[in-house]
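# Descriptive analysis of the structure
Now for the letters of each chain:
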Amino acid sequence: MTEVQITFDCADPARLAAFWAEVLGYQLDSPPPGFATWDEALDALGVPTEHRNDRSAVVDPEGKGPRLFFQKVPEAKQVKNRLHLDVRAAPGLQGEERMAALEAAAERLIAHGGTQLRRHEPAPPLEFGHLMMADPEGNEFCLD
């Protein structure tokens, strides 16, 4: 079976990992076997303190969704994403009930550093409405 990992280039892997763990209900990836904490593992691997936030990852606690990996890069985000995630925050809901659920999810994520960019109203029969969001480093995603 092929597995998928989604990788984010970013300036602050720990912050982005915490944000996306909140978005998706994920948890920080566990340290390697034999280590109780990441600090213990990084000490054993000889990783200097100034490089402890170079990488981070979050995983689905149920093991169903893809692992998200965050890697520090020197350059800032330059342009709009060509690929984005749709976070299914209101499956099965329609109309104002759907939009209210999406707005509630957006408020929760704004409290964790996200930004609401645009609201797209329902336009039946094909458009059910969604919110364009950005994570703390400006990566766009949809609450759908």
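Residues numbered from 1 in each chain as written. Predicted model: local features only at pLDDT ≥ 70, side-chain atom pairs only at ≥ 80, totals over all residues. Heavy atoms only, no water.

When its secondary structure is counted, the protein chain shows three helices and eight strands. Reading the protein chain from its N end, one meets helices and strands in the order β-α-β-α-β-β-β-α-β-β-β. Along the longest, intermediate and shortest principal axes, the C-alpha atoms of the protein chain span 55 × 35 × 30 Å. Classification of the 144 residues of the protein chain by burial places 32% in the buried group. Of the contacts formed within the protein chain by residues at least 6 apart in sequence, a portion of 60% connects residues at least 24 apart. Accessible surface, the protein chain: about 9,000 Å² in total, of which carbon and sulfur atoms supply 54%. (Helix = DSSP H or I, 4+ residues; strand = E, 2+ residues; numbered from the N terminus. Buried < 20%, exposed > 50% of the residue type's maximum accessible area, 1.4 Å probe, protein only. Contact = heavy atoms within 4.5 Å. Areas by Shrake-Rupley, 256 points an atom, 1.4 Å probe, with all protein chains shown as cover.)

In this structure, Trp20, Val58, Leu68, Phe70, Leu109, Phe141 and Leu143 are the most contacted members of the largest nonpolar core, which totals 23 residues. Mapped onto this core, the elements with two or more residues apiece are β1 (5-10), α1 (13-24), β4 (67-72), α3 (95-110), β7 (130-134) and β8 (140-143). The element best represented in this core is α1, accounting for six residues. (Core = buried A, V, L, I, M, F, W, Y, C linked by side-chain atoms within 4.5 Å.)

Right, let's talk about the environment of Pro61 for a bit. In this fold, Pro61 is placed in the loop between β3 (55-59) and β4. Residues Pro61 and Phe19, 42 residues apart in the sequence, show an inter-C-alpha distance of 16 Å. Ignoring sequence-local partners within four residues, the contact set of Pro61 consists of Gly25, Tyr26 and Gln27.

Judged by pairing direction, the sheet is mixed, and its four strands sit side by side in the order β1-β4-β3-β2 without closing on themselves. Each of the sheet's edge strands pairs with one partner strand only, and the pair in question is β1 and β2 (27-28). Sitting on the sheet, α1 touches β1, β2, β3 and β4, and the angle it makes with β4 is about 160°. (Pairing = 2+ DSSP bridges. Axes fitted to C-alpha atoms, helices over the stretch in contact; angles between N-to-C directions.)

A few words on the packing of aromatic side chains. All chains considered together, the criterion is met by five aromatic pairs. When the ring of Phe19 is compared with that of Trp20, the centres are 5.7 Å apart and the planes differ by 85°; the resulting orientation is edge-to-face. Judged by relative accessible area, Phe19 falls into the buried class, the value being 2%. Seen from their ring centres, Trp20 and Phe141 are 4.8 Å apart, and the 65° between their planes marks the pair as edge-to-face. Placement of the pair is Trp20 in helix α1 and Phe141 in strand β8, with a sequence separation of 121 residues. We classify Trp20 as buried; its relative accessible area is 1%. (Phe/Tyr/Trp six-rings, centres within 6.5 Å; stacked < 30°, edge-to-face > 60°.)

Just distances and angles here, no functional claims.
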